[in-house]
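# Structure at a glance
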Amino acid sequence: MASVEHAEPPPRAFPGRRLSTFFYERPRLGLAVLLAGPIGWLLVGYVGSLFVLLLASLWDTNPFTSEVVHTWTLDNFRRIFEQDVYRDVTWRTVKMAAAVTVACAVLAFPIAYYMARVASPRTRNLLVVAVLVPLWASYLVKAYAWRTILSGSGVINWVLEPFGLSFDGYSSVGLWLVFTYLWLPFMILPLYAGLERIPDSLLEASADLGGRSLRTFARVTLPLAFPALVAGSIFTFSLTLGDYIAPDLITSQQFIGTVIYDQRGTNLPVAAAFTLVPVTIMVAYLLVARRLKAFEAL
């Protein structure tokens, strides 16, 4: 009599397997559970902080003790918009952020272009490492190093001394140099990524149609790399707009970050209200960048 083979029983459904099957059959629910933690942290840590900041800007302070009084008022915003000092500080900070962004763009474009379109793979890798290495150093170390470089006995004045020249490093120009150095990698990397994605066939087609190097650059390369340029400007502009350490080390002029830092202990509601100014500026900047398709280049 022939023996009948016994069929193996199905594998035991462990809780993990049942849970995996449950989410596999409900992909939207699985995605929601997967993103619940990061989105929840974002809402609590970032949006929640902005909400608390908005509440603090609506409070008042005791004129004698400088203690925060939880009474609702719009005087803090009225003070920021009506007093010239806050408008001057805001305008000075925006101009500095724009100047740093332009300088970083001018310096970063040829570097990124060489990395993406000219350099060999080995040289390209070395240049990428060279761009990333300064980001590993401490911000404070770099800021204090530049403070030494810009001092009266620093390297710049040592080079200019034989020519009878001197440079006041503790000024807006010195701060502009420091910011440009600090944020330059944040412009190079998006530009490098944007230029690397440009197909060679487009450049070859321009050459076949009679376009010379400058014409191809102006009509093909630059328009295609412009979203990446705007993406890099998001970093350089926003980082300059909110920085308070470098301005405090390099110059005696007041910027948005230094004003907020100085008033956080004496007039917290005004400092909170003034903090919303760069937030508003950056929201408007991001909306413009989105229309220019900068987020696609990140």
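Not measured: the values here are computed from a predicted model.

### A look at the packing of helix H2 (residues 27-57) against helix H13 (residues 268-291)
- Following both chains from N to C, one finds H2 and H13 inclined at 125°, their axes separated by 7 Å at the closest point. In terms of axis orientation, H2 runs oblique to H13. Here H2 and H13 pass one another in a crossing that is left-handed. Judged by residue contacts, Leu53, Leu54, Ala56 and Ser57 of H2 engage Pro269, Ala272, Ala273, Thr275 and Leu276 from H13.
- When the residues that make up the contact of H2 with H13 are grouped by side-chain class, the tally is 7 nonpolar, 2 polar and no charged.

### Considering the pattern of salt bridges
- Inspection of every chain in the model, using the stated rule, returns 3 salt bridges.
- For aspartate 75, the salt bridge goes to arginine 78, with nearest N and O atoms at 2.3 Å. Of this pair, aspartate 75 and arginine 78 both sit in helix H3 (residues 75-82), 3 residues apart, roughly one helical turn.
- Residue class for aspartate 75 comes out partly exposed when judged on its relative accessible area of 41%.

### Quick look at H3
- Asn76, Phe77 and Ile80 are the residues of H3 that are buried. Each buried residue of H3 lies within a common arc of 95° when the element is viewed along its axis, so the set occupies one face.
- On its buried side, H3 packs onto H2, helix H4 (84-118) and H13.

### Looking at the confidence of the model for the chain
- The share of residues in the chain with pLDDT of 70 or more is 94%, and the mean pLDDT across the chain is 85.
- Within the chain, H4 carries the highest mean pLDDT (94), whereas helix H1 (residues 15-25) carries the lowest (72).

### A few points about the packing of aromatic side chains
- Taken as a whole and judged by the stated rule, the model has 9 aromatic pairs.
- Put simply, the rings of Tyr139, Phe179, Trp183, Phe186 and Phe235 touch in pairs and so form one group of aromatic residues.
- Here the basic side chain of arginine 147 rests over the ring of tyrosine 170, its NZ or CZ set 4.9 Å away from the ring centre.
- One residue, arginine 264, lies across the ring of tyrosine 261, its end atom 3.9 Å from the ring centre.

Conventions used here
- Residues numbered from 1 in each chain as written.
- Predicted model: local features only at pLDDT ≥ 70, side-chain atom pairs only at ≥ 80, totals over all residues.
- Heavy atoms only, no water.
- Axes fitted to C-alpha atoms, helices over the stretch in contact; angles between N-to-C directions.
- Helix = DSSP H or I, 4+ residues; strand = E, 2+ residues; numbered from the N terminus.
- Parallel < 35°, antiparallel > 145°, perpendicular 65-115°, else oblique.
- Left-handed = near helix turned anticlockwise from the far one by under 90°.
- Contact = heavy atoms within 4.5 Å.
- Nonpolar A, V, L, I, M, F, W, Y, C, P; charged D, E, K, R; others polar.
- Salt bridge = Lys/Arg side-chain N within 4 Å of Asp/Glu carboxyl O.
- Buried < 20%, exposed > 50% of the residue type's maximum accessible area, 1.4 Å probe, protein only.
- Arc of directions from axis to C-beta.
- pLDDT = per-residue confidence, 0-100.
- Phe/Tyr/Trp six-rings, centres within 6.5 Å; stacked < 30°, edge-to-face > 60°.
- Lys NZ or Arg CZ within 6 Å of the ring centre and 35° of its normal.

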